[in-house]
Amino acid sequence: MHAAPALGGVSPIGVRLTPTLVGVGRRGHVALTFDDGPDPESTPAFLNVLDDLGWKATFFMLGDMVRKAPGVAAEVAAAGHEVAVHGDVHGNMLRRTPRRTNDDIAAAYDAVATATGVRPAWFRPPFGIMSYASLRAAGRLGMRTVLWTTWGRDWRREATPQSVTADVLRRYVDGGTVLLHDSDCTSYPGSWRAALGALPRLADELSARGLVVGPVGDHGL
Ligand SMILES: [Zn+2]
């Protein structure tokens, strides 16, 4: 379902995956990101826990979800988090014409900007599958594409707060970009609870390593 970008490799379409593109930023900092929201069922719970932890994160939103819950998108921005674009619908960019890719990303950008009053600066394609057309379309709107260096595999039925924490820490964390999901709209129903439950555990582990958590915009990309 998801493809992990290799650090410094080449993507299936031949785009060189530079450290910046996969989200390798400054050492000592961890960029925390959430995909697939905003979702009235789950996103508010993430905002509460992030507030408790004193963390700001980046939310890669789907235009389709933003139009269903514009108020939740606005709450994310009002809480001081960074809003970003994940596409309009959760589709594979390689199965689209450049024109449709362009339209999809522009529609998502408009939805996020309209609901939040913020011009998004970051784009992450669904499944992490880029196309040249998606890179160009995002760039035309002033957005840079960023993938991730580690993830919680939180979309799975078997995921638990323990497994999500262990999966995040197993890969590139110090200076890396963490992918979690604040909605189960493309995942196993209720799987977001595993990601939510992992946050306080991650806070303990990351602070023990002296790492500071923040949004992509603070990551030095
Ligand atoms: Zn996604």
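Whatever comes next refers back to the structure up there.
These numbers were taken from a predicted model, which means no experiment stands behind them.

### What about the packing of helix α2 (residues 43-53) against helix α8 (residues 192-208)?
The N-to-C vectors of α2 and α8 enclose an angle of 0 degrees; their axes lie 10 Å apart at closest approach. The orientation of α2 with respect to α8, classified from their angle, is roughly parallel. Of the residues in α8, those touching α2 at Ala45, Phe46, Val49, Leu50 and Leu53 are Trp192, Ala195, Leu196, Leu199, Pro200 and Ala203. Of the residues belonging to the contact of α2 with α8, the class tally is 11 nonpolar, no polar and no charged.

### Things to note about the pairing of strand β7 (residues 177-181)
Judged by how many residues are buried, β7 sits mostly within the fold: 5 of 5 residues are covered. What you see with β7 is no split at all: Thr177, Leu179 and His181 on one side and Val178 and Leu180 on the other are buried throughout. As defined by bridge partners, strand β1 (residues 29-35) adjoins β7 across 5 bridges and the pair is classed as parallel. Pairing of threonine 33 across the sheet is with leucine 179, part of β7. Relative to β7, strand β6 (residues 150-151) is paired through 2 bridges, and the arrangement is parallel. Each bridged residue has a counterpart across the sheet, and for threonine 150 the counterpart in β7 is valine 178. In this fold, β6 hands off to helix α7 (residues 161-170), which returns the chain to β7; that crossover is right-handed.

### So, the coordination of the zinc ion
Put simply, a metal with four donors set out as a tetrahedron has ideal angles of 109.5 degrees, and one with six donors set out as an octahedron has ideal angles of 90 or 180 degrees. All of the protein donors around the zinc ion are Asp36 (OD), His86 (NE2) and His90 (NE2); their distances to the metal are 2.1 to 2.2 Å. In primary-sequence terms, the residues that donate to the zinc ion follow D-x49-H-x3-H. Note that aspartate 36 is positioned in the loop between β1 and α2 and histidine 90 in the loop between β3 (82-87) and α5 (98-116), a separation of 54 residues in sequence. Looking at aspartate 36, the relative accessible area reads 0%, which means it is buried.

### Focus on the environment of asparagine 92
Relative to the assigned elements, asparagine 92 resides in the loop between β3 and α5. Only 2.7 Å separates the side chain of asparagine 92 from the backbone nitrogen of leucine 94, close enough to count as a polar contact.

### Here's the deal with the nonpolar core
Counting residues in hydrophobic clusters, the biggest one holds 46 residues, and the most contacted among them are Leu32, Phe34, Trp55, Leu180 and Leu199. When residues in this core are grouped by element, the largest group, 9 residues, is from α8. Grouped together as the second largest cluster of nonpolar side chains are 11 residues, Val22, Met130, Trp151 and Trp155 included.

### Points about the pattern of salt bridges
By the definition in use, this model includes 11 salt bridges. Salt bridges sharing common partners tie together Arg153, Arg156, Glu158, Asp167, Arg170 and Arg171.

### With respect to unusual backbone geometry
For residues other than glycine, phi is negative in most cases, and the peptide bonds are mostly trans. Of the consecutive residues glycine 37 and proline 38, the connecting peptide bond is found in the cis state with omega at 0 degrees. The phi dihedral of aspartate 36 falls on the positive side, at around 85 degrees, and the residue is not glycine. Of note, the phi angle at phenylalanine 127 is positive, near 65 degrees, even though the residue is not glycine.

### What about the pairing of strand β2 (residues 58-62)?
Taken across its 5 residues, β2 has 5 buried, putting it largely inside the fold. Bridge count for β1 against β2 is 3 bridges, and the pairing is parallel. Note that in β2 the partner of threonine 33 across the bridge is threonine 58. What joins β1 to β2 is α2, and the crossover it makes is right-handed. Here β2 pairs with β3 via 5 bridges, running parallel. If you follow methionine 61 over to β3, its bridge partner there is valine 85.

Rules of the game
- Residues numbered from 1 in each chain as written.
- Predicted model: local features only at pLDDT ≥ 70, side-chain atom pairs only at ≥ 80, totals over all residues.
- Heavy atoms only, no water.
- Axes fitted to C-alpha atoms, helices over the stretch in contact; angles between N-to-C directions.
- Helix = DSSP H or I, 4+ residues; strand = E, 2+ residues; numbered from the N terminus.
- Parallel < 35°, antiparallel > 145°, perpendicular 65-115°, else oblique.
- Contact = heavy atoms within 4.5 Å.
- Nonpolar A, V, L, I, M, F, W, Y, C, P; charged D, E, K, R; others polar.
- Buried < 20%, exposed > 50% of the residue type's maximum accessible area, 1.4 Å probe, protein only.
- Pairing = 2+ DSSP bridges.
- Right-handed = clockwise from strand over helix to strand, strands pointing away.
- Donors = N, O, S within 2.8 Å, 3.2 Å for Na, K, Ca; no water.
- Polar contact = N/O pair within 3.5 Å; in protein donor to acceptor, adjacent residues only side chain to side chain.
- Core = buried A, V, L, I, M, F, W, Y, C linked by side-chain atoms within 4.5 Å.
- Salt bridge = Lys/Arg side-chain N within 4 Å of Asp/Glu carboxyl O.

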